[in-house]
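Topology and contacts: notes
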Amino acid sequence: MADPEFSAPSRRRLTRRRHRQRFRRIGAVFGGGLIVAVAIGVVLVLTNVITLSGADNTHPTAAPRGGATTTTSEPESSTPHRALTPTDPMRLWIAGDSLAGSIGPSLGELTAKTGVVQPRFDSRVSSGLLSPNFFDWPRHVTEQLTALNPEAVVFIVGTNDANVWSAPLADKYRLRTEALMKDLVGPEHRQVLWVGAPVAQRKSLEAGVLNVDRIQRAAAEHIRGVTYVDAHGLFDDDRGGYQQSFVDDLGIRHVMRADDGVHFSVAGADYISRALFRLLDDAWNLTGQAVPGAAKQVFETKGSTQVPGTHRSVGTQLGGSTAPSRPRSGGSSGSSSTTTSTTLGSATTSTTSATTTTSTSAPTTTTTTTTTPPGP
């Protein structure tokens, strides 16, 4: 008689049991490996090591205090532009309203110190895109681009537009913004850093600033070559509101805004200029190509106007004659302060001395009237 333990049915049951145990072990190993692979894939996607096909790469990139929050219509490239030398420097044009009068000297000196950038700045107090009868930026841009042929442009305008803002102007403002951005990029495919208006202290002006910034940011998203720099995000507090002073990217607390709650202070101009310098440096490798002792001179366009006390004093050339940059308000007079500061390093030091300045009307161009519209 056969042993019941090893009868035919028992052998079949034992064989099936062994097969099931084997499959369970294989399934456990495979399932565990699949879970690990999926987990690794999720981590790679979330950390942008892997980008899913069709993913939107044009969203704003947040940055810590001192870094510029930007929106660009094309993925950023780590490949620098052409080689730069002191005899063949990068041609940089910094232009716009009175806030350009703050950025121009600060960013101008910062880039000029590399020896491989030739900066020029052109600022027009009270100008904007909604007041072409006061100052015609499209016409002026066309003239200056033809004359200077810059390779990179930093442009800021919008605070005066925010001052006269109303909802029916939205379409007109969008069309004018897009047209000027395209003009600035041009067939030369210039690098354009378009700086939005900073947060305003006055609530009614801030409402206009938010609308103007929204339109400018949207325009930059689909115009190739334009990077929108969010000055509002660089200067607002944790709740998105106005703040007069804060700790900068170098760890030093400064008064960053002028007393009018609109313009930059000298320290504020230096602060945003360092953020802009980093964007230019990423594209042009300015620090890698810098030539010590070969600093350039900062040029100021004849006819530029500035708000007293909101810009650095740097050596400039104005209209062909060398002269120090000085506060000019285009017709106002009174007491102001002249501030000199040294930047480029781990700290910023500032010295302020009170002076009394009497300004006469700044030179005008054929596109500038003699009356100043309301606004900053």
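In this text, all values refer to a predicted model and were calculated from it rather than measured experimentally.

Bringing the pairing of strand E6 (residues 226–229) into the picture now. Burial along E6 is two-sided: Val226 and Tyr228 and Thr227 and Val229, pointing in opposite directions, are all buried. As for the winding sense of the linkage, the β-α-β connection from strand E5 (residues 191–195) through helix H6 (residues 203–221) to E6 is right-handed.

This brings us to the packing of helix H3 (residues 137–148) against helix H5 (residues 170–185). At a closest axis distance of 10 Å, the pairing of H3 and H5 adopts a crossing angle of 5°. As far as their axial angle goes, H5 and H3 are roughly parallel. Side by side, H3 and H5 meet where Trp137, Pro138, Val141 and Leu145 of the first sit next to Leu180, Asp183 and Leu184 of the second. Considering only residue class, the contact of H3 with H5 consists of six nonpolar, no polar and one charged.

Let us look at H5. Look at H5: 23 Å from first C-alpha to last across 16 residues, which is about the 22 Å you get at 1.5 Å a residue. Taken as a whole, H5 has its buried residues at Tyr173, Thr177, Glu178, Leu180, Met181, Leu184 and Val185. Considered in projection along H5, the buried side chains sweep an arc of 165° and stay on one side of the axis. Relative to its buried face, H5 has exposed residues pointing more than 90 degrees away, namely Asp171 and Lys182. Gly186 occupies a position one or two residues after H5 and carries a positive phi of about 60°.

Let us look at the environment of Asn163. Here Asn163 lies in helix H4 (residues 159–163). Overall, Asn163 belongs to the partly exposed group, its relative accessible area being 24%. Spatially, the C-alpha atom of Asn163 lies 8.1 Å from that of Ser204, the residues being 41 residues apart in sequence.

A positive phi angle, close to 55°, is found at His189, a residue other than glycine. Within the secondary structure, His189 sits in the loop between H5 and E5. For Asn285, which is not glycine, the phi dihedral falls at a positive 55°. Take Asn285: it is sitting in the loop between helix H8 (266–284) and helix H9 (286–289).

What the rule picks out here adds up to 13 salt bridges. In this structure, the salt-bridge partner of Arg139 is Glu143, at a minimum N-O distance of 3.3 Å. In this pair, Arg139 and Glu143 are both assigned in helix H3, four residues apart and thus about one turn of the helix distant. Under the relative-accessibility criterion, Glu143 is labelled partly exposed at 38%. One salt bridge connects Asp249 with Arg274, and the closest N-O pair in it is separated by 2.8 Å.

Rules behind the numbers
The residue numbering used here restarts from 1 in each chain and proceeds along that chain's sequence as written. Where local features are concerned, this predicted model is filtered to residues with pLDDT of at least 70; where side-chain atom pairs are given and counted, the filter is 80 or more; whole-chain, interface and lining totals use all residues. Neither water nor hydrogens contribute to the side-chain values; these are computed over all heavy atoms in the structure. Exposure classes here rest on a 1.4 Å probe applied to the protein chains alone. A residue is buried below 20% of its type maximum, exposed above 50%, and partly exposed in between. Helical segments are the DSSP runs of H or I of at least four residues, strand segments are the runs of E of at least two, and each set is numbered from the N terminus. Whether a crossover is right-handed comes down to one check: with the strands pointing away from the viewer, does the path from the first strand over the helix to the second run clockwise; if it does, it is right-handed. Lines fitted to the C-alpha atoms define the axes, with helices restricted to the stretch that makes contact. Angles between their N-to-C directions range from 0 to 180 degrees. Relative orientations are named as follows: roughly parallel for angles under 35 degrees, roughly antiparallel for angles over 145 degrees, roughly perpendicular for angles from 65 to 115 degrees, and oblique for any other angle. A contact between two residues is defined here by any heavy atoms of the two lying within 4.5 Å. Each residue gets one of three labels, nonpolar for Ala, Val, Leu, Ile, Met, Phe, Trp, Tyr, Cys and Pro, charged for Asp, Glu, Lys and Arg, and polar for the others, Gly among them. Here a helix's expected span is defined as the number of its residues, less one, multiplied by 1.5 Å. The directions considered for the arc are those from the helix axis to the C-beta atoms. The rule for a salt bridge is simple: a side-chain nitrogen of Lys or Arg has to be within 4 Å of a carboxyl oxygen of Asp or Glu.

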